[in-house]
Amino acid sequence: MDEPSPLPLARAALLGGPLLGAAVGLWVHLGAGLSPAAGWTAAITTVCAVWWVLEPIPLAATSLLPFAAFPFAGVLGAREVAQSYGHHLVLLMLAGSIVSTAMERSGAHRRVAVGLVRLVGGGDGRRLVLGFLLAAAVLSMWMSNTATTVMLLPVALAVIGAARGEALVVPVLLSVTYGASIGGSGTPIGTPPNLVLIDRYREATGTEPSFLGWMRDCLPVVVIMLPLCWRWLVRRVPRSLTVEVGTLGPWRAEERRVLAVFGLTALAWMTRAEPFGGWSTWLGVQDRVGDSTVAIAAALVLFVLPRGTGAGERLLDWETASKVPWGVFILIGGGICLGRAFGASGLDAELGRALGFLTAWPRWLVIPVVCLCATLATEVTSNTAVANILMPILGAAAATDGGDPMWLMLPAVLGVNHSFMLPVASASNAIVYGTGRVSTRQMVREGLGLNLIGAVVISVVCLLTLG
């Protein structure tokens, strides 16, 4: 959860989580007749789920529980759990976040944001909302949703401060967080749940979606959702409302250099494996180089290149780089560890068989239900935590008929990325709510409609692209 739980509830969860975990574990082992390893996996996952939802201790601290517990339980060895927390997807997110900090340090991120807002918005209040939506979405494809929101919020507050009346306050502020949530779905590194899916898909099938392949499947959702979200947010904004957006002055050398590195990195990600095998095939390194390799190389380049100020400084220093959200990487590692435990204990196969009836139902019915359930579950806890719990189960359920598990996993992940209704649904929602300019009632009113719109859009796109 992105806000602390009420203290009595958190205290109850601190003891109630292990008690519930013990009950679930005993039922899985003794009641359902599964192996002791499956019982332990169910117990530890239950504790993590309860603590992630009610947060008696920080999310990242809860995510360390699998590291400590699985070796003692005999489910995974110390090396296996360590490999989960040092997984290449964790390193990909880490290096991507380091590159993002260089963007923030140089100010290039603000220039991109204001440029997009000015390009689309001009002086028209309704189009200004679209500008913020696009700016948040584009940046969030490459940066964390939280960083994107923190970056754009001062710009948004300055803009609405220059507007007459209150008509733009809620649409502009919500366009920042909603645009970040929608855009985060567009690339594998856009948000941690995407990486959770990729890891579980690789465990289930032996392959993983390419960077360009992910964008091909998910960008249609982003492209369709953005104008729909805009139309929903501005439905009460007068067409005659105008406002001015400030300027940022001339380009600086460090902004150009960081954007050049960032652009080349994005290009390298998108063309590593496609088209025609990508540059990794042309160079003969397709089995040795991954997206995390590209990200680490980009981070190193930023540490080497000078800022261009003549003071001997580099585009990135360690003091700046060390500000990345380390807790998120532990959260991803904990989820990967849980996923491996599901596979090693056989619990995913058993749950998959139990939910195998889903594969017999029409996909036009199953996909919307799964998507909407994932969306609503994320309204009360971390989207990464929901993805960590759902992906092993849905992947195993989808694979019971021998088909591609992506048809069930992708709608769920897109669903957890499209939770708009409550401040605790995401860190970006909580940040915008924290301005005091948007009430819970307003967020629920706007977000409920978008939750339903998102479920429809995701379902239709997945049915068309995944068969």
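Conventions we followed
- Residues numbered from 1 in each chain as written.
- Predicted model: local features only at pLDDT ≥ 70, side-chain atom pairs only at ≥ 80, totals over all residues.
- Heavy atoms only, no water.
- Disulfide = S-S within 2.5 Å.
- Buried < 20%, exposed > 50% of the residue type's maximum accessible area, 1.4 Å probe, protein only.
- 1 Å grid on protein atoms, 1.4 Å probe; cavity = no way out; pocket = protein on both sides within 12 Å on 5 of 7 lines; lining within 4 Å.
- Points joined across faces, edges and corners; volume = space filled by probe spheres on them.
- Nonpolar A, V, L, I, M, F, W, Y, C, P; charged D, E, K, R; others polar.
- Helix = DSSP H or I, 4+ residues; strand = E, 2+ residues; numbered from the N terminus.
- Axes fitted to C-alpha atoms, helices over the stretch in contact; angles between N-to-C directions.
- Parallel < 35°, antiparallel > 145°, perpendicular 65-115°, else oblique.
- Left-handed = near helix turned anticlockwise from the far one by under 90°.
- Contact = heavy atoms within 4.5 Å.
- Salt bridge = Lys/Arg side-chain N within 4 Å of Asp/Glu carboxyl O.

If you walk through the whole model with that rule in mind, you get zero disulfides. Cys 462 supplies the cysteine sulfur nearest to Cys 218, a cysteine that is in no disulfide, at a spacing of 7.4 Å. Just so you know, Cys 462 is unpaired, no disulfide at all, and the nearest cysteine sulfur is the one on Cys 371, 7.2 Å from it. Cys 462 gets classed as buried once you look at its relative accessible area, which sits at 2%.

With the rule as written, the count across this model stands at two cavities of 30 Å³ or more. When its volume is computed, the largest cavity comes out at roughly 50 Å³. As for the largest cavity, its lining consists of Asn 145, Ser 181, Thr 191, Thr 378, Asn 383, Val 416, Asn 417, Ser 419, Ala 425 and Ser 426. Split by residue class, the lining of the largest cavity holds two nonpolar, eight polar and no charged. Here the second largest cavity is characterised by a volume of approximately 40 Å³. Contributing to the lining of the second largest cavity are Pro 209, Gly 213, Trp 214, Asp 217, Cys 218, Met 406 and Leu 410. Mapped by element, the contributors of at least two residues to the lining of the second largest cavity are α12 (211-233) and α21 (406-416). Among the residues making up the lining of the second largest cavity, the classes are represented as five nonpolar, one polar and one charged.

Moving on to the packing of helix α6 (residues 88-106) against helix α11 (residues 192-205). Look at α6 against α11: their axes get within 10 Å of each other, and the N-to-C directions meet at 155°. Taken together, the axes of α6 and α11 are roughly antiparallel relative to one another. As α6 runs across α11, the sense of the crossing is right-handed. Residues His 88, Leu 89, Leu 92 and Met 93 of α6 form the contact with α11, whose own contacting residues are Pro 192, Leu 195, Ile 198, Asp 199 and Arg 202.

The next thing to look at is unusual backbone geometry. One non-glycine residue, Glu 55, adopts positive backbone phi at about 50°. Inspection of the secondary structure assignment puts Glu 55 in the loop between α2 (36-54) and α3 (59-62).

The next point concerns the pattern of salt bridges. Within the structure shown, the criterion is met by 13 salt bridges. Asp 291 is the partner of Arg 272 in a salt bridge, and the nearest nitrogen-oxygen pair spans 2.9 Å. With Arg 272 in the loop between α13 (253-271) and α14 (278-282) and Asp 291 in helix α15 (residues 291-304), this pair connects stretches of sequence that are 19 residues apart. Relative accessible area serves as the criterion here: at 13%, Arg 272 is assigned to the buried category. Glu 446 is the salt-bridge partner of Arg 445, the closest N and O atoms lying 3.2 Å from each other. Arg 445 sits in the partly exposed class, given a relative accessible area of 41%. Judged by its relative accessible area of 3%, Glu 446 falls in the buried class. Where salt bridges share partners, they join Asp 199, Arg 202, Glu 203, Glu 208 and Arg 340 into one cluster.

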